[in-house]
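Here is how the chains run, residue by residue.
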Amino acid sequence: MASSFRFLDDIALADLAFEAEGDSVEELLRAATRALLETLADPETVAETWERRITKAEDDPADLLFEWLSDIVYWKDAAGVVFHDAELFVRQEGSAWTLEAVLRGASVDQTEQTLRNDVKGITKHLYDVKQDGTRWYARVVVDV
Amino acid sequence: MTLQTEMRVNRITDEVWEIPVTEKPGMVVPARIYATPGILHSMDRGVFDQVTNVACLPGITRYALCMPDGHWGYGFPIGGVAAFDLETGVISPGGVGYDVNCGMRLIRTDLTLGDVRPKLERLMTELFRRVPAGVGAAGFVRLNRDSFDAVMTRGARWCIEEGYGWNRDLAHIEEGGCIAGADPSTVSDHAVGRGINQLGTLGSGNHYLEVQVVSNDRVFDPETAAALGLTGQDQIMVMVHCGSRGFGHQVASDYLKTFEKAMRRYGIAVKDQQLACAPFRSPEGQEYFAAMNCAANTAFANRQVITHQIRGAFAQVFGRSAEELGMELVYDVAHNIAKVERYPEGELLVHRKGSTRAFGPGSPDVPRDFQKIGQPVICGGSMETGSYLLVGTDRAVRETFGSTMHGSGRTMSRAQAKKSIRGEQLQQDMKRRGILVKAVSMSGLAEEAGFAYKNISEVVETVDRAGITKKVAELRPIGNIKG
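Residues numbered from 1 in each chain as written. Chains lettered and ligands numbered in written order. Predicted model: local features only at pLDDT ≥ 70, side-chain atom pairs only at ≥ 80, totals over all residues.

This part is about the overall build of chain A. Along the backbone of chain A there are two helices and eight strands. Going from the N terminus to the C terminus, chain A shows its helices and strands as β-β-α-β-α-β-β-β-β-β. A compact globule built from 144 residues should have a C-alpha radius of gyration of about 15 Å, and chain A, at 14 Å, falls within 12% of that. Taken along the three principal axes of its C-alpha coordinates, chain A extends 45 × 35 × 25 Å. (Helix = DSSP H or I, 4+ residues; strand = E, 2+ residues; numbered from the N terminus. Rg over C-alpha atoms; globule rule 2.2 N^0.38 Å.)

Structure, rendered in structure tokens:
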């Protein structure tokens, strides 16, 4: 199991929360990305007619994940899109963690897409990224 | 049933409960919760933890408060109220919320249920077409950076100047729909990018546009109701619940990050990262205040443009102008905001997060039309039950920094609600009960099922009995639009 995510039932009464895990920071980010994309819309119903290349660098994986997920929320509103998938790669160089990603999706289309929640922001409430042995875990609460 | 806290909670009255400063290290003032015993026992652990965390913030005055619709939030609980000394106190985005100036607007009509019921399907379809809702929806108003700056500084006034409403609307909006001190230079390009295409949109989550009916048996104070333009007699009303959309959300996100760093510089320690704050008089505090006011004005403008669209939809469906249909604005009030207000202690910065201003009769901040009755307070319930119109009181000004409840408050998580019912089923059930729902997202609809919320009537009874607001009328839904 390289990576996975699950939505949490009871820790965000008015909002949504998920846990993601992976064998590496890169796999963790892939799982958390899938969770956020699923929160916004069913990715299977979203075409790939919009694309954005994004590079980010942060000093630790927790900041990298937070900033990356916040970027996805930004593009949702700024470009009026929802997402099919994101191809992403993470590398560590010294103390810096760098993400290179291609975010793919399509303009919002209520007739074609199964739309879900309009996420307002990624929060730091109960936010946690940790390594346990060889596995990386994250807990994220999103404000809807 | 036991309370969801180990802290001591003392009864002050049947509707007011106090957690003393001895219950948590660092509390500067006691915490007070407005609730009946039943509501108090149904409150989640987060309410007790978070209201006492707020009571630890520097410069807090008198009490950290939570209203009866309170539940777990980010930093502050939803339903939270706290006032801070301007010189020694702080400002916190966690005390305002991600959706700056999320608020309620109520529009009256001269139409009755008999007029509307035969045309309800067509009316809801037209409203759904004219008021974009749901994730990523864009509005019809095209703005460039200069005109968006004007929206930030002029709020609903900008809308009136552009023809999206009537001049007299402004008198019935909190702060005249335009809060002073908004400075567009304090907002990021990211915030502008998220909001510039969203004027006139509802969003999703618990935001809605609702067509409602007020029947005679649900008018509790006929004289006050009449002063607010309510006739009872199966009168049709329209309620809107939304805020500053992606723009306000980004302002909150940006300044939470700014304040995390600023706190280290100012030596402020908080119990929860989401209570990140800065001294109100600091450069960071003043910048957030100016940016938050930009978002607040944008929210007033958002609800004003939506009002313009609602009036257009009614005029088209009923073949008469909005003026002829009597579609006057009853009131528009914020429930996520921080404002400088005067109290016996002097000028204070009052944070209201999921709490509504509730000034009493005679207050200079209450519109001239409502000087004798007090400020209108609009409280939205779940889409299945009903909403309430209330008025503010002098007692609220004395006890709660002029604040009261804002809605019913959730008792069930979104995930649990979705497991309990499918959106399509809920839509059908509601249709059978005479409530026509148009929704962008069926899963989002299921999350908003009535059983996921407290009984709003019990919440309203609490604030009515506590004397911090006086109930005027109940409004029952017949049509609802959700994102």
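On we go from here.
Along chain B, the regular secondary structure elements total 15 helices and 19 strands. Rg of the C-alpha trace for chain B: 21 Å, near the compact-globule value of 23 Å for 483 residues, within the 12% margin. Put simply, chain B has 483 residues, and 63% of those count as buried. When contacts within chain B are restricted to residue pairs at least 6 apart in sequence, those whose partners lie at least 24 apart make up 76%. (Buried ≥ 20, exposed ≤ 12 C-beta atoms within 10 Å, placed from the backbone. Contact = placed C-beta atoms within 7 Å.)

Here the focus is the nonpolar core. Counting 216 residues, the largest nonpolar core has Ala32(A), Leu69(A), Val82(A), Val251(B), Cys277(B) and Met292(B) as its most contacted members. Per-element accounting of this core gives the leading share, 15 residues, to helix α10 (residues 283–318) of chain B. (Core = buried A, V, L, I, M, F, W, Y, C linked by C-beta atoms within 7 Å.)

Another point: the interface of chain B and chain A. Accessible area lost upon the coming together of the parts is a frequently used measure of interface size. With 36 residues of chain B in contact, the opposing surface of chain A contributes 30 residues. Taken together, the elements giving at least two residues each to the side of chain B that touches chain A come down to α7 (189–195), α9 (245–266), α12 (414–420) and α14 (442–447) of chain B. A total of four residues in the side of chain B that touches chain A trace back to one element, the largest contributor, which is α9(B). Of the residues in the side of chain B that touches chain A, the class split is 10 nonpolar, 21 polar and five charged. (Nonpolar A, V, L, I, M, F, W, Y, C, P; charged D, E, K, R; others polar.)

It is worth spelling out the packing of helix α1 (residues 25–40) of chain A against helix α2 (residues 61–78) of chain A at this point. For any two helices packed against each other, one specifies the inter-axial angle together with the distance between the axes. All names here are of chain A. Closest axis-to-axis distance for the α1/α2 pair is 11 Å, and the angle between their directions is 30°. Between α1 and α2, the interaxial angle falls into the category roughly parallel. Read as a crossing pair, α1 and α2 show a hand that is right-handed. Across the interface between the two elements, Val25, Leu29, Ala32, Leu36 and Leu40 of α1 pack against Pro61, Leu65, Trp68, Leu69, Ile72 and Lys76 of α2. (Axes fitted to C-alpha atoms, helices over the stretch in contact; angles between N-to-C directions. Parallel < 35°, antiparallel > 145°, perpendicular 65-115°, else oblique. Left-handed = near helix turned anticlockwise from the far one by under 90°.)

Here we come to the packing of helix α4 (residues 120–130) of chain B against α10(B). Residues and elements named next belong to chain B. Across the interface, α4 lies against α10 with an axial gap of 9 Å and an inter-helix angle of 145°. Considering how the two elements wind past one another, α4 and α10 form a crossing that is right-handed. From α4, Arg122, Leu123, Glu126, Leu127 and Arg130 reach across to α10, where they touch Gln309, Ile310, Gly312, Ala313, Gln316 and Val317. Of the residues contributing to the contact of α4 with α10, the split by class is five nonpolar, three polar and three charged.

Here the focus is the sheet that holds strand β3 (residues 31–34) of chain B. Residues and elements named next belong to chain B. Strands sit in the order β1-β2-β3-β4-β5-β13-β12 across an open sheet of seven strands; the sheet is mixed. Because the sheet does not close on itself, it has two edges, and the strands there are β1 (10–11) and β12 (336–343). Pairing between β1 and strand β2 (residues 16–19): two bridges, direction antiparallel. Its bridge partner being in β2, arginine 11 is matched across the sheet by tryptophan 17. The sheet strands contacting helix α2 (residues 45–54) are β2, β3, β4 (60–71) and β5 (78–85), and the helix crosses β4 at an angle near 160°. (Pairing = 2+ DSSP bridges.)

Moving on to the environment of Gly176(B). All names here are of chain B. Examined against the element boundaries, glycine 176 turns out to sit in the loop between α6 (156–161) and α7. Residue classification places glycine 176 among the partly exposed positions, given that 17 C-beta atoms sit within 10 Å. Put simply, glycine 176 and proline 367 are 191 residues apart on the chain and 8.7 Å apart in space, counted from C-alpha to C-alpha. Setting aside residues up to four positions removed in sequence, glycine 176 forms contacts with Leu170 and Ala171.

Position of Val73(A) relative to the elements: it lies in helix α2. Between the C-alpha atoms of Val73(A) and Leu36(A), which are 37 residues apart in sequence, the distance is 8.8 Å.

Right, let's get into the sheet that holds strand β5 (residues 96–107) of chain A. All names here are of chain A. An order of β3-β5-β4 is seen for the three strands of this open sheet, with the pairing classed as antiparallel. Only two strands of the sheet have a single partner each, and these edge strands are β3 (50–58) and β4 (81–93). Each neighbouring strand pair of the sheet contributes to a mean axis angle of 15°, computed without reference to strand direction. Taken together, the nine bridges between β3 and β5 define a ladder with antiparallel strand orientation. Across the sheet, the residue bridging to glutamate 51 is arginine 104, located in β5. Most of the contacts of α1 go to β4, to which it runs at about 165°, and overall it touches β4 and β5.

The next subject is α1(A). Between its first and last C-alpha atoms α1(A) spans 23 Å; for 16 residues at 1.5 Å apiece the expected length is 22 Å, and the two agree. Of all 16 residues in α1(A), 12 are buried; the element is thus mostly enclosed. (Expected span 1.5 Å × (residues − 1).)

For the rest of this paragraph, the subject is unusual backbone geometry. Phi at Arg62(B) is positive, roughly 65°, even though this residue is not glycine. Of note, Arg62(B) is situated in strand β4.

Okay, the pairing of β4(B) next. Residue and element names in this part refer to chain B. By the criterion of burial, β4 is predominantly enclosed, with 11 of the 12 residues buried. Here β3 pairs with β4 via three bridges, running parallel. Its bridge partner being in β4, isoleucine 33 is matched across the sheet by cysteine 66. Two strands pair when backbone bridges link them, and β4 and β5 are joined in this way by five bridges, in the antiparallel orientation.

The next thing to look at is the confidence of the model for chain B. On average, residues of chain B score 96 in pLDDT, and 100% of them reach the 70 mark or higher. Interface confidence for the predicted complex, given as ipTM, is 0.91, next to a pTM of 0.97. (pLDDT = per-residue confidence, 0-100.)

Low pLDDT marks stretches whose predicted atomic positions should not be read closely. Summary statistics for chain A give a mean pLDDT of 95 and a share of 99% for residues scoring 70 or more. By mean pLDDT, the top-scoring element of chain A is β5(A) (98), and the lowest-scoring one is strand β6 (residues 121–122) of chain A (93).

Okay, α2(A) next. Residues and elements named next belong to chain A. For α2, spanning 18 residues, the distance from its first C-alpha to its last is 25 Å, which sits close to the expected 26 Å at 1.5 Å a residue. Of all 18 residues in α2, 13 are buried; the element is thus mostly enclosed. Two residues or fewer after α2 comes glycine 80, characterised by a positive phi angle close to 65°.

A separate point is the environment of Ile481(B). Relative to the assigned elements, Ile481(B) resides in strand β19 (residues 469–482). Apart from the residues within four sequence positions on either side, Ile481(B) is in contact with Met124(B), Leu127(B), Phe128(B), Val131(B), Ala133(B), Leu202(B), Tyr208(B), Leu209(B) and Lys438(B).

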